[in-house]
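Chain residues, written in single-letter form:
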Amino acid sequence: MPNSNQSTNPEAGSTSWPRHFRVSSQKRWLNKGQVEHGNKWVYTGGTTENLKYKQGVGILVDSHGSLYEGYFEYDRRAFLGRQTDPSGEVYEGEWRGNKKHGFGVFEYTNNDKYVGCFAENFKHGIGTYIWANGDRLVANWRFDKADGKAKMLYSTGTTQTRLYDNGNLNLHF
């Protein structure tokens, strides 16, 4: 007899499946496959039963050479993933609806880096921009621009408090 955390196998009969592993007969999306869409992209990974949607963990290579490795939800990048562009730029972090959304790290080709919050593909929220030389700007970001009070931390050890207005430096204090 199953304990309170177990139920019978969703397919039939067994009592060894914990509740959180039950599979609804209407939501089977643990199929694996490779799907190509003409010359636009190639995807290998989880799909819905009818191969209509990318679902679960997979790898997507598009016609521009971008590589995405991570989770998909109904054909869109979601949850956690890593995208590497042909230019060498890399984003690793949270996704929602095919967009960078949540916490992530974006590495630029010049070795600069941004570590912080994203919303709808923009740096948005608290984050730190780190230059290749080690200088850092800790700021609140709005639509890719520093906004409000920020702290500049130079690699030499000196610090500076700054005030930004929509990306424009207004004041050092």
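Residues numbered from 1 in each chain as written. Predicted model: local features only at pLDDT ≥ 70, side-chain atom pairs only at ≥ 80, totals over all residues. Heavy atoms only, no water.

Participant: So what's going on with the overall build of the protein? Which residues, and what values?
Facilitator: The helix and strand tally for the protein stands at zero helices and 16 strands. Residue burial in the protein is summarised as follows: out of 173 residues, 30% are buried. Across the protein, the fraction of contacts at a sequence separation of at least 24, relative to all contacts at a separation of at least 6, is 3%. Working note: accessible area of the protein is about 11,000 Å², and carbon and sulfur atoms make up 51% of it. (Helix = DSSP H or I, 4+ residues; strand = E, 2+ residues; numbered from the N terminus. Buried < 20%, exposed > 50% of the residue type's maximum accessible area, 1.4 Å probe, protein only. Contact = heavy atoms within 4.5 Å. Areas by Shrake-Rupley, 256 points an atom, 1.4 Å probe, with all protein chains shown as cover.)

Participant: Give me the lowdown on the environment of Ser87, citing residues and values where you can.
Facilitator: Here Ser87 shows up in the loop between strand S7 (76-84) and strand S8 (90-96). Once the C-alpha coordinates of Ser87 and Ser66 are considered, the two residues, 21 residues apart in sequence, prove to be 8.9 Å apart. At 3.4 Å, the side chain of Ser87 and the backbone nitrogen of Glu89 are in polar contact. (Polar contact = N/O pair within 3.5 Å; in protein donor to acceptor, adjacent residues only side chain to side chain.)

Participant: Help me get a handle on the packing of aromatic side chains, residues and values and all.
Facilitator: Here the structure, examined in full by the defined rule, presents 13 aromatic pairs. Summarising the aromatic geometry, the rings of Tyr68 and Phe72 are spaced 5.1 Å apart at their centres and angled 80° between planes, so their arrangement reads as edge-to-face. Taking the relative accessible area as the measure of exposure, Tyr68 reaches 1% and is therefore buried. By relative accessible area, which is 2% here, Phe72 ends up buried. Each member of the aromatic cluster is reached from another via a ring pair, and the members are Tyr43, Tyr68, Phe72, Tyr91, Trp95, Tyr114, Phe118 and Trp141. Its guanidinium or amino end placed over the ring of Trp41, Lys54 lies 4.0 Å from that ring's centre, counting from NZ or CZ. Over the ring of Tyr68 we find Arg77, and its NZ or CZ is 5.1 Å from the ring centre. (Phe/Tyr/Trp six-rings, centres within 6.5 Å; stacked < 30°, edge-to-face > 60°. Lys NZ or Arg CZ within 6 Å of the ring centre and 35° of its normal.)

Participant: Kindly report on the pattern of salt bridges, identifying the contributing residues and their values.
Facilitator: Side chains that carry opposite charge are capable of pairing whenever their charged atoms lie near each other. Counting across every chain of the model gives four salt bridges. Ionic pairing is found between Lys54 and Asp75, a salt bridge with its closest N-O pair at 3.1 Å. Taken as a pair, Lys54 in strand S5 (residues 54-62) and Asp75 in the loop between strand S6 (67-73) and S7 lie far apart in primary sequence, 21 residues in all. In this structure, Asp144 and Lys123 form a salt bridge, with 3.8 Å as the shortest nitrogen-oxygen distance. Taken together, the residues Asp144 in the loop between strand S12 (136-142) and strand S13 (145-146) and Lys123 in strand S11 (residues 122-130) connect sequence positions 21 residues apart. When its relative accessible area of 10% is taken as the criterion, Lys123 is described as buried. (Salt bridge = Lys/Arg side-chain N within 4 Å of Asp/Glu carboxyl O.)

Participant: Mind laying out the environment of Lys113, listing which residues take part and the relevant values?
Facilitator: Positionally, Lys113 belongs in strand S10 (residues 113-119). For Lys113, a relative accessible area of 32% corresponds to the partly exposed category. As a C-alpha pair, Lys113 and Ala132 span 19 residues in sequence and 7.6 Å in three-dimensional space. With residues up to four places along the chain from it excluded, the contact list for Lys113 reads Val105, Phe106, Glu107, Tyr108, Thr128, Tyr129 and Ile130.

Participant: So what's going on with the pairing of S10? Which residues, and what values?
Facilitator: Judged from the six bridges that link them, strand S9 (residues 99-107) and S10 form a sheet pairing that is antiparallel. Bridge pairing in S10 links Gly104 to Gly116. Where S9 folds back on S10, the antiparallel hairpin that results is connected by five residues, among which Asn111 adopts a positive phi of roughly 75°. (Pairing = 2+ DSSP bridges.)

Participant: So what about the side chain of Arg162? Which residues, and what values?
Facilitator: Locating Arg162 in the fold gives a position in strand S15 (residues 159-165). Comment: no salt bridge for buried Arg162; closest opposite-charge side chain is Asp135, at 7.9 Å. Engagement of the side chain of Arg162 in a polar contact is seen with the side chain of Tyr154, the distance being 2.9 Å. Here Gln160 takes part through its side chain, which lies 2.7 Å from a polar atom of the side chain of Arg162. (Lys, Arg positive; Asp, Glu negative; His and termini not counted.)

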